[in-house]
Amino acid sequence: MIETTIRNHAAQAINVLYSANVAPEHVIIQKTRKDFEGDFTINIFPFLKVSREKPDVTAEKIGNYLLEQIPELEDFNIIKGFLNIVVGNLFWTGFLSENYGNRQYGKQEKTAGRPVVIEYSSPNTNKPLHLGHVRNNLIGWSVAKILEANGNDVVKVNLVNDRGIHICKSMLAWEKWFMDASPDNTNIKGDKLVGECYVRFDQELKKEVAVLVADGMNKDDAEKNTPLMAAAQEMLQKWENNDPSVRELWKTMNAWVYQGFDVTYDRLGIYFDKIYYESDTFLIGKEIVREGLKMGILFKKEDGSIWAGLSGEGLDEKLLLRADGTSVYMTQDIGTAQLRYDEYHPVKLLYVVGNEQNYHFDVLKIILSMLGRKWAKDIVHVSYGMVELPHGKMKSREGTVVDADELMDNMYQTAESMAVELGKADELNKDEASQLFEMISLGALKYFILRVDPKKNMLFNPEESIDFNGNTGPFIQYTHARIHSLLKKAKSRGLKLYDGVFNGDVHPKEKEVIKLLYSYPEVIKDAAAQYSPSIVAAFVYDLAKEYNQFYQEISILREEDTDKAAFRLSLSHFTASVISSAMELLGIHVPEKM
RNA sequence: GGUCGCGUAGCUCAGUUGGAUAGAGCAGCAGCCUUCUAAGCUGCCGGUCGCAGGUUCGAAUCCUGCCGCGAUCACCA
């Protein structure tokens, strides 16, 4: 990194010129803003204390020192205490010639060692996947890709909540009102069918509650005392007792759900290395809790329930085992965390889970370290914000939940009609066209969601999400397709990429693009350190935008100087390659034609 | 009420460990296709960075208070 070189020498300059010690990491260096001449800028205000000179004088001295010491530097200028450094063109063209053919550019070599385990998706089996899950899945997938590019070995896992009272509600509803209905004979997607059962249960439950309330019972009591609720509870008991017929129905209905989920995951382009089922793992936290009790770390109340006291952390008490010995969510997470640790000995345990669970994960980490698990500090809650709709939050009761499958269908249709309108589909056969529409619509959706910082709540406006102009996925895809078409034409005319280091004039627009390409490895590192796909999204948009300006302003195939033309082709080729690489990190494919 | 988070252009979002004149897109207005894909490019319009203090050579960024919005504080997951 040339920045590092500059940084080190700048620190050295202070040392030599003013005999003061400045650590290289305290040198503030950044890209020069576009309105000034230069590539990198050093802010020299911090050095004035030791130089005891006017800003421009110190800047001048440091500038001269750097120019002497670093052969790649060409010039510098000083504006209001900012030292703008110009790196010579040969440095940039040399960088280009060395890297443009490298498909792996920007990515770190995989380091052998302990993996990162990342959990995402984590659906319940009583409802189809919706927009909230989509954000979760996209973030999880992209963070996994980014970490891989950063040299980590990554294990992608999913923990499916396949047991509990909610599934019993669906099962009960199926027995009562959907008997004999199956995905095959109704032609309804499995997860949707089970979701319908769940909704029906809720509706019928409301009716029963209304009757009880009319008889004078208060609402809270009524909700607990309906015949339906009692039946669901009873079914859960039977499930826990391994009742064969209940288990059979449970297996059948869950299998329907998984078939449905698979379709959705598949279309989203998402998969897992390992899927855990809560029905297999929900018991394993108990033993750890009992040990903690024995060791005196946890305590028992008179009713027999077991708790963690967190007052030392400024928090309250947390229940871990009920009086009847059954476990709660926290207990299960303690167990699955231990399970994962034992299986993989990961360097990090990531959980992509909504920010409404921030407190839960804080407590989980605290309890695990109380229990002596040193790896508790390696648990990272990749917390993401809610997706809101223009009318407010999604509410299943008000039917404002945006279904993942329908969302993708709608995006597809928009992509199709837009393409037809623009005449883009004319030369494509049916298969090619549908593949392209799928790629573009998913690109739009994924980019729309991933460009927002995960930590923040975001607004999902359906109209904006299907926009294909401006800061969007299709804009970037288009730029890639455009370059590809250019390269194809160049090839057919027998033009070659530049061989060696180009030594001619470099246009400012060309240099801008090269500088962006140069920063890609840092972008990946940053995104990995912050678990943030939005950093990659911002970068790739910048790159596409900058390239388009170059493309529009400077002709390539009509350039008569063949060296220049070849140089621009190399630059274009490299840009396309990095666009494709960065988009892959977001889980987005790019077309060669559109 | 306690804790945590958020508040930047009409709308959606960027804004690096505090640095130059706070940036994009959308929307609106005006232009650019006989020349490499116009899903593109150029220009204009648009800001009291919620408010008030403080720290600093310098604050959208750090601290304090206030206002507004959200999440959470379950023997739910």
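Model, not experiment: these values are computed from the prediction. (Residues numbered from 1 in each chain as written. Chains lettered and ligands numbered in written order. Predicted model: local features only at pLDDT ≥ 70, side-chain atom pairs only at ≥ 80, totals over all residues. Heavy atoms only, no water.)

Topic: the overall build of chain A
Scanning chain A from terminus to terminus reveals 22 helices and 14 strands. Expressed along its principal axes, the backbone C-alpha trace of chain A runs to roughly 85 × 65 × 45 Å. Out of the 594 residues belonging to chain A, those deemed buried represent 52%. Contacts spanning at least 24 positions in sequence make up 74% of the contacts within chain A whose residues lie at least 6 apart. Surface exposure of chain A reaches about 28600 Å², of which carbon and sulfur atoms provide 48%. (Helix = DSSP H or I, 4+ residues; strand = E, 2+ residues; numbered from the N terminus. Buried < 20%, exposed > 50% of the residue type's maximum accessible area, 1.4 Å probe, protein only. Contact = heavy atoms within 4.5 Å. Areas by Shrake-Rupley, 256 points an atom, 1.4 Å probe, with all protein chains shown as cover.)

So, the protein's contact with RNA strand B
Around RNA strand B, 60 residues are found, and the nearest of them are Arg322, Lys424, Tyr478, Arg482 and Tyr551. Looking at RNA strand B alone, sugar and phosphate atoms form 61% of those within 4 Å of the protein. Within the contact set of RNA strand B, a base nitrogen lies 3.2 Å away from a side-chain nitrogen or oxygen of Asn84. At 3.0 Å, a side-chain N or O of Tyr541 approaches a sugar or linking oxygen of RNA strand B. Sorting the residues of the surface near RNA strand B by element identifies strand 2 (40-43), strand 4 (82-87), helix 16 (404-422), strand 14 (458-459), helix 19 (473-492) and helix 21 (533-553) as the ones contributing at least two each. Residue contributions to the surface near RNA strand B peak at seven residues, all from helix 19. Here the surface near RNA strand B is built from residues that sort into 27 nonpolar, 14 polar and 19 charged. (Near = heavy atom within 4 Å. Polar contact = N/O pair within 3.5 Å; in protein donor to acceptor, adjacent residues only side chain to side chain. Nonpolar A, V, L, I, M, F, W, Y, C, P; charged D, E, K, R; others polar.)

Brief notes about the domain arrangement of chain A
Each domain of chain A was delimited in the assignment, giving domain 1 (2-87), domain 2 (120-388) and domain 3 (409-585). Here the C-alpha centroids of domain 2 and domain 3 sit 40 Å apart. If you look at the interface, domain 2 gives 25 residues, while domain 3 gives 26 residues. Both faces combined, the contact of domain 2 with domain 3 buries some 2200 Å², and carbon together with sulfur accounts for 63% of it. If you sort the residues of domain 2 by the area they bury against domain 3, Arg135, Ile146 and Arg267 come out on top, with a joint share of 29%. At the boundary of domain 2 and domain 3, one finds two salt bridges. The salt bridge partner of Arg267 is Glu438, with a shortest N-O separation of 2.8 Å. (Domains from an automatic or database assignment. Buried area = accessible area lost by both parts, 1.4 Å probe. Salt bridge = Lys/Arg side-chain N within 4 Å of Asp/Glu carboxyl O.)

A few points about the side chain of Lys511
Turning to its location among the elements, Lys511 is positioned in helix 20 (residues 508-530). Note on Lys511: relative accessible area 15%, which makes it buried. Among all residues touching Lys511, those that are not within four sequence positions of it are Asp39, Val86, Val87, Asn89, Trp92 and Val506.

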